[in-house]
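Secondary and tertiary structure notes
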Amino acid sequence: SAALLAEKLRQVLASITCPTVGSNTASFGVSGFVPSDNPKTLVLRADTALYAAKKAGRNRVEVYDATLS
């Protein structure tokens, strides 16, 4: 559900045009919580997903894939 919310937010932001800036884009990284998590590990995985979104072309949502670690 976090990925769906991030996608909706990305779409809303993309639909807004600012006269001085033009179109808006946003990239999001999402990671699920696992029982062994602490705040640092959770944010680290979400940050990894965010950088994957930027690397894949920006203006997108990426969900952390545990098979990549």
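Keep in mind that this is a model prediction, so the values were computed, not measured. (Residues numbered from 1 in each chain as written. Predicted model: local features only at pLDDT ≥ 70, side-chain atom pairs only at ≥ 80, totals over all residues. Heavy atoms only, no water.)

Time to look at the environment of Cys 18. Within the secondary structure, Cys 18 sits in strand 1 (residues 17–18). Assessed through its relative accessible area of 27%, Cys 18 is described here as partly exposed. Linking Cys 18 and Val 43, residues 25 residues apart in sequence, is a C-alpha distance of 30 Å. (Helix = DSSP H or I, 4+ residues; strand = E, 2+ residues; numbered from the N terminus. Buried < 20%, exposed > 50% of the residue type's maximum accessible area, 1.4 Å probe, protein only.)

With that settled, the discussion passes to helix 2 (residues 39–55). For helix 2, built from 17 residues, the straight-helix expectation of 24 Å at 1.5 Å per residue is met to within 8% by its first-to-last C-alpha distance of 24 Å. Those residues of helix 2 lying buried are Arg 45, Ala 49 and Ala 53. With its buried residues spanning 90 degrees around the axis, helix 2 presents them on a single face. Within helix 2, the exposed residues directed more than 90 degrees away from the buried face are Pro 39, Lys 40, Val 43, Leu 44, Tyr 51 and Lys 55. The inward-facing, buried residues of helix 2 abut strand 3 (28–30) and strand 4 (61–63). Capping of helix 2 at its N-terminal end is provided by Asn 38; its side-chain oxygen lies 2.8 Å from the backbone amide nitrogen of Lys 40. A positive phi of about 125 degrees marks Gly 57, the residue just after helix 2. (Expected span 1.5 Å × (residues − 1). Arc of directions from axis to C-beta. Contact = heavy atoms within 4.5 Å. Polar contact = N/O pair within 3.5 Å; in protein donor to acceptor, adjacent residues only side chain to side chain.)

Take Val 43: it is sitting in helix 2. Separated by ten residues in the primary sequence, Val 43 and Ala 53 place their C-alpha atoms 15 Å from one another.

As enumerated under the stated definition, the model contains three salt bridges in all. Across the pair Glu 7 and Arg 10 runs a salt bridge, and its minimum N-O distance is 2.7 Å. With a gap of three residues between them, Glu 7 and Arg 10 both fall in helix 1 (residues 2–15), about one helical turn apart. Owing to a relative accessible area of 24%, Glu 7 belongs among the partly exposed residues under this scheme. By relative accessible area, Arg 10 is classed as buried at 13%. The salt bridge partner of Arg 45 is Asp 37, with a shortest N-O separation of 2.6 Å. Across this residue pair, the class does not change: Arg 45 and Asp 37 are buried. (Salt bridge = Lys/Arg side-chain N within 4 Å of Asp/Glu carboxyl O.)

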